[in-house]
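Reading the structure
Take a look at the letters that make up each chain.
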Amino acid sequence: MKKTPAVLLSLTLCLCLAGCGHFVNIMPGSEVGAAFAEASPEPDAFKQRPLLDFMDLGWFSTSYYRDAPVALSIRTAEVGYASPIFDRASIIAACDSLRAMRVTGQADPSQLSGRQASYTFTMDDGSTLTFTFDNGLLVLDSGSYTVTGGEALSALSFPGYSGDWDIFDLYYDEDMRAFADNFYTATPASVGRRSNGGATLTSEDPAVVSQVFGLLQNARIARVEEHPDQNIDLTQTTDYVFTLSGGVYYTISFTGPCLAVTPNDDYGTVYYWLDGIDELANITILPQSTIPTFPGGPITGLRDDIAQARAAAYGELPGISVVGVYVDYTINGQTGYLTLEGDTAVSFVQQVTAISANAETTDPGAEQITVFVTLSDQSGPIIVFNGDTVQQLVGVNHACDANAMANLRYLIGQLALDERNIGQIAAGATS
């Protein structure tokens, strides 16, 4: 009985429609129903379109030829560092590949592998643009999507990710590449090593030149250092300088343990960890053509400027005398300095230059005494003692007489305590 009103209402409605003569059948299977279904697409239908349009980057399609990115780097989840490339041809090929890619549909999350690869373009203003893929799928915050194309992008080679790079490729310089390729037919006349911007020790020995080059040529790029300010000492630099017979030279620079290369000023320096170069620092590079043979004896035989200072201290050089001495020292962990003048300076030079040393070279010690001698003609040597050794030149040290060095340290301690110098001492040392 409760269904009667509803049934009557339905019958009344049907009779009214039939009576009007305008009843239209829109049920599935009818002619009008089929047309209605065709005109109404599924609400979940995916519209395929170019990847750059899908990501709202249509502007990039029209700009990258004119304003090409300065670098393209890759980072993968497995390796975990960004490795850049800088040649315009590869960067444009990557851009072309992205422009040709099409997004074809929403992907099932189960298709993701977790091994993402991100490609980042760096512009000359420092801004970046990143595209991330996983198992061939485009990965965005909104989800993952199936794509077609992109073969040229995945075919690119990056240092550290591919073994077909050597360190000379990292400079993106035709002359550097030619230097490496022609090394054994046009071997450089010399190789030099320079530490922290100091003097360059140079060897003209072909065996040494080839040994240094061979280690660099066979070095393997292990990885790129992304946080050099945290993980390497940026104040420690070493340069290897290869000089050709015509005077042209090529410099390979290291910062700390990493090869440092700046192929693009807008991007900045890239630091590469290398495998296979452990022996590089152990190669002895000496200016054999300029180092006089030291037979042992007083350190005046080490260098002409030391001999001149001793002669001036004994009045053997007409018109030239000792004006003063500045001593910077670290003894027994205590650091200080002395400023000596008059007879004290003369006596100090006489004692220092009388110290004897061995002919053989040896490793320097930790403590340091640096003696700056000023002569009246504005010349004068800088004499560096490291522990019980004296430095002939950078990297060449000779063992000194231990008793003489003990006496020198005692003298410095006494002068540091002398009331005449107490006001000028930063931190006195005692014997």
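Everything here concerns the structure above.
This report concerns the structure included in the present document. (Residues numbered from 1 in each chain as written. Predicted model: local features only at pLDDT ≥ 70, side-chain atom pairs only at ≥ 80, totals over all residues. Heavy atoms only, no water.)

What to know about the nonpolar core
What counts here: As used in this record, nonpolar core signifies buried Ala, Val, Leu, Ile, Met, Phe, Trp, Tyr and Cys residues forming a set joined through side-chain atoms within 4.5 Å. Type-normalised accessible area, obtained with a 1.4 Å probe on protein chains alone, sets the label of each residue: buried when under 20%, exposed when over 50%, and partly exposed for intermediate values. Strands are runs of DSSP state E lasting at least 2 residues, helices are runs of H or I lasting at least 4, and numbering of each runs from the N terminus. Contacts between residues were defined by any pair of non-hydrogen atoms, one from each residue, lying within 4.5 Å.
If you look at the biggest cluster of nonpolar residues, it comprises 68 residues, and the most contacted ones within it are L51, F131, V212, F242, I252 and L259. The leading source of residues in this core is helix α8 (residues 206–218), at six residues. Sequence-distant contacts of V212, defined by excluding residues within four places in its chain, comprise V191, Y240, F242, L280, I283 and I285. One finds F294, V322, A345 and I355 within the second-largest nonpolar core, a separate group that totals 35 residues.

Digging into the sheet that holds strand β17 (residues 322–331)
The criterion, for reference: For two strands to count as paired, DSSP must find a minimum of two bridges between them. The axes are straight lines fitted to the C-alpha atoms, using for helices just the contacting stretch, and the angles between their N-to-C directions are given from 0 to 180°.
The sheet built from eight strands is open, its strands ordered β16-β19-β23-β22-β21-β20-β17-β18 with antiparallel pairing. Every interior strand has two partners, whereas the edge strands, β16 (297–298) and β18 (334–341), have only one. Where strand β21 (residues 382–386) meets strand β22 (residues 389–393), two bridges bridge the pair, whose relative direction is antiparallel. Its bridge partner being in β22, N386 is matched across the sheet by T389. Most of the contacts of helix α12 (residues 402–417) go to β17, to which it runs at about 100 degrees, and overall it touches β17, β18, β20 (368–375), β21 and β23 (396–400).

Some details on helix α10 (residues 304–313)
Of the residues making up α10, those classed as buried are I306, A309, A311, A312 and A313. On the buried face of α10, the contacting elements are β17, α11 (342–353), β20 and β21. The first or second residue beyond α10 is G315, which carries a positive phi of 70 degrees.

Points about the sheet that holds strand β12 (residues 237–243)
Taken together, the seven strands give an open sheet; going across it, the order is β10-β9-β12-β13-β14-β15-β11, and neighbouring strands pair in antiparallel fashion. Two strands close off the open sheet at either side, each with one partner strand: β10 (200–203) and β11 (220–225). Neighbouring strand axes in the sheet, compared pairwise and without regard to direction, differ in orientation by 30 degrees on average. Two strands pair when backbone bridges link them, and β11 and strand β15 (residues 270–275) are joined in this way by five bridges, in the antiparallel orientation. Bridged to R223 within β15 is W273. Contacts from helix α7 (residues 174–181) reach β12 and β13 (249–255) within the one sheet, and its direction differs from that of β13 by about 100 degrees.

Quick look at the pairing of strand β14 (residues 258–261)
Burial along β14 is two-sided: C258 and A260 and L259 and V261, pointing in opposite directions, are all buried. For β13 and β14, the ladder comprises two bridges, and the chain directions are antiparallel. Across the sheet, residue T255 finds its bridge partner in β14, namely C258.

Some details on α8
Note: α-helices contain 3.6 residues per turn, so residues at a spacing of three or four share the same orientation. Quick reminder of the rule: What a helix is expected to span follows from its residue count: subtract one and scale by 1.5 Å. N or O atoms closer than or at 3.5 Å make up a polar contact, with two conditions inside protein: a donor-capable atom paired with an acceptor-capable one, and, for residues adjacent in sequence, both atoms drawn from side chains.
Helix length check: α8, at 13 residues, gives a terminal C-alpha distance of 18 Å against a target of 18 Å (1.5 Å per residue), a fit within 8%. The set of residues buried in α8 consists of V208, V209, V212, F213, G214, L215 and L216. Residues of α8 that are buried in the fold lie against α7, β9 (190–195), β10, β12 and β13. Where α8 begins, the capping side chain belongs to D205, and its oxygen is found 3.0 Å from the backbone nitrogen of A207.

Side note on the environment of A309
With respect to the element layout, A309 can be found in helix α10. Classification of A309 as buried rests on a relative accessible area of 0%. In this structure, the C-alpha to C-alpha distance between A309 and V349, residues 40 residues apart in sequence, is 7.3 Å. Those residues in contact with A309 that sit more than four places away from it in its chain are V322, V349, V373, L375 and P381.

Some words on a negative patch on the surface
Note the cut-off: Only residues whose relative accessible area exceeds 30% and that form no salt bridge are eligible for patches; like-charged ones are grouped when within 9 Å, while nonpolar side chains (Val, Leu, Ile, Met, Phe, Trp, Tyr) are grouped when within 5 Å. Exposure was quantified through the Shrake-Rupley algorithm and a 1.4 Å probe, taking into account, for residues, occlusion by the shown protein chains and nothing else. By convention in these notes, a salt bridge is any Lys or Arg side-chain nitrogen within 4 Å of a carboxyl oxygen on Asp or Glu. The convention is simple: Lys and Arg are positive, Asp and Glu are negative, and His and the chain ends are not counted. Where a charge sits is defined by one atom per residue type, namely NZ (Lys), CZ (Arg), CG (Asp) or CD (Glu).
Negative charge collects at one region of the surface, where D124, D125, D265 and D266 lie side by side. Along the chain, the position of D125 falls in the loop between β5 (116–122) and β6 (128–134).

Distances and angles like these do not, on their own, reveal function.
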